[in-house]
Amino acid sequence: MTVENVPQRETHAFQAEINQLLSLVINSLYSHKEIFLRELVSNASDALDKLRFRAITEPELLADEPALELRLIPDEAKGTLTIEDTGIGMSHDELVKNLGTIAHSGSREFLETLAQKGQKDVQLIGQFGVGFYSAYLVADRVEVVSRAAGKDQAAWRWTSEAKGSFTVEPAERATRGTSITLHLKEDQKEFLGEWRLRSLITQYSDYVGHPIKLQVNKSTGTGDEAKTETSLEVVNKASALWQRSKSDITDEQYQEFYKHLTHDWEAPLAWTHFKADGNTQFTGLLFVPKQPPFDLDSQQQRGVRLFVKRVFIMDRCEELVPQWLRFVRGVIDSDDLPLNVSRELLQDSQVVRSIRKHLVKKSVDLLEKLAKDKPEDYLTFWKAFGTVLKEGLATEAEHKDKLGGLLRYESSREEGLTSLADYVGRMKEGQEAIYYVYGESRKAVADSPHLETLKQRGFEVLYMTDPVDEWAAQGLREFQGKPLVSALQADLKLQSTDEEKKAQEQHAEGLKTLTEKMKDVLQESVREVRVSDRLTDSPVCLVVPEGGSPAYLERLLQQRGRGAGMPRVKRILEVNPKHPVIEHLKAVHEKDPAASQVAEWIELLHDQALLTEGSTIADPNRFARRMTGLLTQVAALAATPAPATSSPTAG
Ligand code: ADP
Ligand code: MG
């Protein structure tokens, strides 16, 4: 290579978002700055995992450097801490891409979280896929020298003081891997201390499956002979935590392992560690987090880490976890899958299916146990992930009985959340069904006219206010032999006595002319008008016929642009025969079947029913005009002096 074509130093600007992120990190007053070590060790460990995986098919990658390890090298004199690994390394382009741009939206989301919640959430940095930049919590200059694995790869140095740009230039590195040198800020020199580093590694990184070697100084000889020598000492256990026996692992170790795995800063709510040795042999360690990660909703984010015979295969193996358990984190280490397992193989593997089945069962068992032993913690879980879990009812019928036991709802009992089992335990004599009402919010459903008769009979009603609830309830159908019945449905499955039935028939007969008139006026909007047995205080309400969807669900689908293709099932208008408005309306109609107000009032009642179910009315202006007309009449009546008492006496 001649001098002319030696590539020179290049300067690159950071993406705007990274600049913002860096300035936040640099100026952070967050006190637990040691998290940088966890992040950098985790990156190094990932790089080693990736190399080991590639070496399965390309063993020559290991030729020049067989060791797979991490090294921590503090240098008092220079004030630097170097974190080195013999992993996959980065090429020139990878350095520029991985440490200068962000492929996903991580940094923006992270910045938003910081803006909302403040300093302490700096520790979440790793969760957002920008953990590398935590180096600037303790360093004002960072140098990365990296050489990608493989033949004829050159080494490159990436350097930045985090002031808007970084440089990349050729460098020397004898073998593959990455060295990250942190030029520690004046007040962060504590991270050079042997004991500080040792204890941080034990605390955060003990379970890293590769040896972490710390360079330590040893004095040898005495007097004139005294010398200091350096040596590398392994400071972690370097064995896969999940392969140790349960009795050798403390709760703290499980918790730290979880944090390492997820970059969560909070301990998990619960975990289960098991070995399956039936037809498929594997070890599993599963965790339930306390809080949802920022990207819980995105479809890709599910799965657990897959290892095959201790070798890391992939980070989020979706095939192992159904969508409705996408909050579960952890590790599966299979003894049966081949090391060179491909995506296609995963999708069509008996072994994978069997692991998945096991994993589902273990997860559900874990939740059941949590609900039983630590109800408070279970509620924390439910508030964070209940919505996700409920999807399982709609998509995977085989677990519905167990999932049914895990549901929690608010109810008309007004005492927090209840389980279905507790609800059933409180059911009144003569109550045959579990009643629920579905709508936008507790406020929107609690006073709904549909609940009137249920409340009057003392039947508890569950409030379902999560969009997924209607599907979930339809998936569940029944619990402990009791059908789930929506209070918005036409058939409430109320047991009526013979007298009640007879009275109902008489009411229907008596109101026939009026209900027919109503049907006539509202034929565009409702499929049927009939006398109700569910109303006590309200004159009318709209109910959903068999196979129809409640109004809230229709609105949701419309908002999501999915309502278009759906046939709109017209609802049924139910009329309260004992309500004074209905009685008077009937009288007016019978006196003069052609009276024009009757049609107006019927439409007004229908509009009212729409409003109480949270729907919008077709023509708000007309509604307002009718309302004004009515108020004018009533006000005029009220203002007119009653003739007998207040008229001036003549003469
Ligand atoms: P994440 O680890 O979540 O991807 P980071 O900000 O920690 O986010 O790292 C960004 C990327 O930089 C990594 O995905 C990886 O590609 C690369 N990287 C960081 N450290 C190393 C390393 N020691 N060896 C190889 N690649 C690395
Ligand atoms: Mg990382």
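Residues numbered from 1 in each chain as written. Chains lettered and ligands numbered in written order. Predicted model: local features only at pLDDT ≥ 70, side-chain atom pairs only at ≥ 80, totals over all residues. Heavy atoms only, no water.

**Q** What is the right way to read the overall build of the protein from this model?
**A** Across its full length, the protein holds 21 helices and 23 strands. Radius of gyration (C-alpha) of the protein: 35 Å, far over the 26 Å computed for a compact globule of 651 residues. Along the three orthogonal principal directions, the C-alpha set of the protein runs to about 135 × 65 × 45 Å. Of all 651 residues assigned to the protein, the portion counted as buried reaches 50%. Entry remark: accessible area of the protein is about 31900 Å², with carbon and sulfur atoms responsible for 49%. Distance between charge centroids for the protein: 2 Å, based on 83 positive and 99 negative side chains. (Helix = DSSP H or I, 4+ residues; strand = E, 2+ residues; numbered from the N terminus. Rg over C-alpha atoms; globule rule 2.2 N^0.38 Å. Buried < 20%, exposed > 50% of the residue type's maximum accessible area, 1.4 Å probe, protein only. Areas by Shrake-Rupley, 256 points an atom, 1.4 Å probe, with all protein chains shown as cover. Lys, Arg positive; Asp, Glu negative; His and termini not counted. Charge placed at Lys NZ, Arg CZ, Asp CG, Glu CD.)

**Q** Help me understand the site of ligand 1, please; the structure alone is not making it clear to me.
**A** Taken together, Asn43, Ala44, Ala47, Asp85, Met90, Asn98, Leu99, Gly129, Val130, Gly131, Phe132 and Thr178 are the residues near ligand 1. At 2.8 Å from an oxygen atom of ligand 1 is found a side-chain nitrogen or oxygen belonging to Asn43. If ligand 1 stood free it would expose 540 Å²; the protein chains cover 81% of that surface. Among the elements that line the shell around ligand 1, the one with the most residues is helix H2 (residues 35–57), at three residues. Taken together, the residues that form the shell around ligand 1 break down as six nonpolar, five polar and one charged. (Near = heavy atom within 4 Å. Polar contact = N/O pair within 3.5 Å; in protein donor to acceptor, adjacent residues only side chain to side chain. Nonpolar A, V, L, I, M, F, W, Y, C, P; charged D, E, K, R; others polar.)

**Q** Is there a simple way to explain the environment of Asp333 in this structure?
**A** Within the element layout of this structure, Asp333 appears in strand E14 (residues 329–334). Remark: the alpha-carbon pair of Asp333 and Lys275, spanning 58 residues in sequence, is separated by 9.5 Å. Apart from residues no more than four positions distant in its own chain, Asp333 is found in contact with Trp242, Gln243, Gln281, Phe282, Thr283, Phe307, Val308, Lys309 and Arg310. Polar side-chain contacts of Asp333 include one of 2.8 Å to the side chain of Trp242. Looking at Asp333, its side chain comes within polar contact range of the side chain of Gln243, at 2.8 Å. (Contact = heavy atoms within 4.5 Å.)

**Q** How do you make sense of the nonpolar core when you look at a structure like this?
**A** If you look at soluble globular proteins, the nonpolar side chains tend to sit buried side by side. The biggest cluster of nonpolar side chains holds 80 residues, and the ones touching the most others in it are Phe381, Leu389 and Tyr435. At ten residues, the largest contribution of residues to this core is made by helix H8 (residues 350–373). The residues contacting Phe381, other than those within four sequence positions of it, are Leu269, Val288, Phe327, Leu367, Leu370, Gly386 and Leu389. (Core = buried A, V, L, I, M, F, W, Y, C linked by side-chain atoms within 4.5 Å.)

**Q** I tried to follow the pairing of E14 on my own but got confused; where do I start?
**A** Along any regular strand the residues' side chains alternate between the sheet's two faces. The element E14 is largely enclosed, with a buried count of six among its six residues. Residue alternation in E14 divides its side chains into two sets, Arg329, Val331 and Asp333 and Gly330, Ile332 and Ser334, and both sets are buried. Two elements, strand E11 (residues 281–288) and E14, share six bridges in a ladder whose sense is antiparallel. Among the inter-strand pairings, Thr283 is bridged to a residue of E14, identified as Asp333. (Pairing = 2+ DSSP bridges.)

**Q** Looking at this structure, I do not really get the packing of aromatic side chains. What am I missing?
**A** Two aromatic rings, taken as a pair, are described by how far apart their centres are and by the angle between their planes. Tallied over the full model, the rule gives 21 aromatic pairs. On the basis of an interplanar angle of 50 degrees and a centroid distance of 5.2 Å, the ring pair of Tyr258 and Phe287 is categorised as tilted. With Tyr258 in helix H6 (residues 251–262) and Phe287 in strand E11, this residue pair connects regions lying 29 residues apart in the sequence. Ring geometry for Tyr378 and Trp382: centres 6.5 Å apart, planes at 25 degrees, overall stacked. (Phe/Tyr/Trp six-rings, centres within 6.5 Å; stacked < 30°, edge-to-face > 60°.)

**Q** Just to check I follow, could you spell out the environment of Val388 for this structure?
**A** Structurally, Val388 is set in helix H9 (residues 375–395). As a C-alpha pair, Val388 and Phe327 span 61 residues in sequence and 8.0 Å in three-dimensional space.

**Q** Help me understand unusual backbone geometry in this model?
**A** A negative phi angle characterises most non-glycine residues, just as the trans form characterises most peptide bonds. Of note, His263 is a non-glycine position whose phi angle comes to about 65 degrees, a positive value. Tracing the backbone through its elements, the reader meets His263 in the loop between H6 and strand E10 (270–277). A positive phi angle, near 75 degrees, is found at Arg310, a position not held by glycine. Secondary-structure assignment places Arg310 in the loop between strand E12 (304–308) and strand E13 (311–317).

**Q** So what exactly am I meant to see when it comes to the pairing of E12 here?
**A** Counting buried residues in E12 gives five out of five residues, a clear majority hidden from the surface. As paired elements, E12 and E13 share four bridges and run antiparallel to each other. Directly across from Phe307, in E13, lies its bridge partner Phe312. Sheet topology places E12 next to E14; four bridges connect them, and they run parallel. Paired with Val308 across the two strands is Ser334, which belongs to E14.

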